[in-house]
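Okay, here's what each chain looks like letter by letter:
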Amino acid sequence: MTTISKDIGRDDLLIHRGCDERFCSKWMIDNRDGKGYVEKDLRKWTAKFFLYCNNKQVYEQDCITDSHGYAIASIPAKAFEDNLWLTRSNGEWKIVGYGDNGEQEWLAWGYYEMV
């Protein structure tokens, strides 16, 4: 069963153990040409979703990137089955994008809680 988690605060995620989860960020750019914000084409970019607990990285997942500026992490239900996750039930998350010419950008960041 796939769930789209609801925010538990600004940029905060509620992760459900035992469920497929899908999180994403969208990169929009203001080219300052008077047209407002436009989508950043991320097809040539790679991105990763990270979880940190007590300032240590505890999970990493590759993201899918697209032409509409989305970096999407699809996390399988089995990812957090181990009882070790009972001690990693909250912390910080982020999605980082990597450009083909060495660019690196934080696309999204916040806190997570696992239930």
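In what follows, the structure referred to is the one given above.
Owing to the predicted nature of the structure, the values given are computational and were not obtained by experimental measurement.

A closer look at the packing of aromatic side chains
- One pass over the full model with this rule turns up eight aromatic pairs.
- Ring plane angle 15° and centroid distance 5.7 Å describe the contact between Phe23 and Phe49, whose orientation is recorded as stacked. Taken together, the positions of Phe23 in strand β4 (residues 20-26) and Phe49 in strand β7 (residues 46-53) put the pair 26 residues apart, joining distant regions of the chain.
- By relative accessible area, Phe23 is classed as buried at 5%.
- Here Phe49 falls in the buried class, since its relative accessible area comes to 0%.
- Pairing Trp109 with Tyr111 gives two aromatic rings, centres 5.1 Å apart and planes at 65°, and the pair type is edge-to-face.
- What makes Trp109 partly exposed here is its relative accessible area of 33%.
- Here Tyr111 falls in the partly exposed class, since its relative accessible area comes to 42%.
- Ring pairs connect the aromatic residues Phe23, Phe49 and Trp93, which therefore count as one cluster.

Quick notes on the rules
- Residues numbered from 1 in each chain as written.
- Predicted model: local features only at pLDDT ≥ 70, side-chain atom pairs only at ≥ 80, totals over all residues.
- Heavy atoms only, no water.
- Phe/Tyr/Trp six-rings, centres within 6.5 Å; stacked < 30°, edge-to-face > 60°.
- Helix = DSSP H or I, 4+ residues; strand = E, 2+ residues; numbered from the N terminus.
- Buried < 20%, exposed > 50% of the residue type's maximum accessible area, 1.4 Å probe, protein only.

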